[in-house]
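Chain and residue survey
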Amino acid sequence: MSISAKTVSFDEHTMWVELSDGRTLGVPLAWFPRLLHASPVERERCRISYSGKGLHWDDLDEDISVEGLIAGRGDTTQHHGRVA
């Protein structure tokens with residue numbers, strides 16, 4: 001079975017992705033700094049790919065894979081310093 005995104009929505013701290021298998025993922029915006037610092041209007045301009053496997057924001061130059069969200073991966077382009 002191939003899992004895809006059906007809808008994307010936001011609240012103040014979380015991105016919510018409804019999946020084709022009935023689950024809804026709540027992902028902290030802190031995982032994706034471009035989304036965290038975007039305006040609510042910019043966040044809502046998300047485009048779900050034709051296959052449902054990717055989320056894209058043209059204005060923010062942000063691409064997120066559904067597979068990565070399910071695996072619990074955040075923004076892998078940011079270098080994070082040491083963690084205590």
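Quick note: structure is the one above.
To keep things clear, this report deals only with the structure shown in the data block. (Residues numbered from 1 in each chain as written. Predicted model: local features only at pLDDT ≥ 70, side-chain atom pairs only at ≥ 80, totals over all residues. Heavy atoms only, no water.)

Each helix and strand counted, the protein chain has 3 helices and 6 strands in total. Ordered by position from N to C terminus, the α and β elements of the protein chain give β-β-β-α-α-β-β-β-α. In the protein chain, which comprises 84 residues, the share counted as buried stands at 32%. Carbon together with sulfur atoms contributes 51% to the accessible area of the protein chain, which is approximately 5,600 Å² in total. (Helix = DSSP H or I, 4+ residues; strand = E, 2+ residues; numbered from the N terminus. Buried < 20%, exposed > 50% of the residue type's maximum accessible area, 1.4 Å probe, protein only. Areas by Shrake-Rupley, 256 points an atom, 1.4 Å probe, with all protein chains shown as cover.)

A few words on the nonpolar core. In terms of nonpolar packing, the biggest core is built from 18 residues, with M15, V17, L35, L55, W57, I64 and L69 touching the most fellow members. The residues touching V17, leaving out its near neighbours within four places in the chain, are A5, T7, V8, R23, T24, L25, L55 and L69. (Core = buried A, V, L, I, M, F, W, Y, C linked by side-chain atoms within 4.5 Å. Contact = heavy atoms within 4.5 Å.)

With that settled, consider the sheet that holds strand β4 (residues 47-48). Spatial ordering of the open sheet is given by β4-β5-β6, a layout of 3 strands whose pairing is antiparallel. Among the strands making up the open sheet, the edge pair consists of β4 and β6 (62-65). Pairing of strand β5 (residues 54-57) with β6 involves 4 bridges; the strand directions are antiparallel. Pairing of H56 across the sheet is with D63, part of β6. (Pairing = 2+ DSSP bridges.)

Let us look at the pattern of salt bridges. Pairs can form between side chains of opposite charge whenever their charged atoms are close. Within this structure, the stated rule accounts for 4 salt bridges. In this structure, the salt-bridge partner of R23 is D21, at a minimum N-O distance of 2.8 Å. Owing to a relative accessible area of 38%, R23 belongs among the partly exposed residues under this scheme. With its nearest N and O atoms 3.4 Å apart, the salt bridge here joins R34 to E62. With a gap of 28 residues between them, R34 in helix α1 (residues 33-36) and E62 in strand β6 connect regions that are remote in the sequence. For R34, a relative accessible area of 33% gives the class partly exposed. (Salt bridge = Lys/Arg side-chain N within 4 Å of Asp/Glu carboxyl O.)

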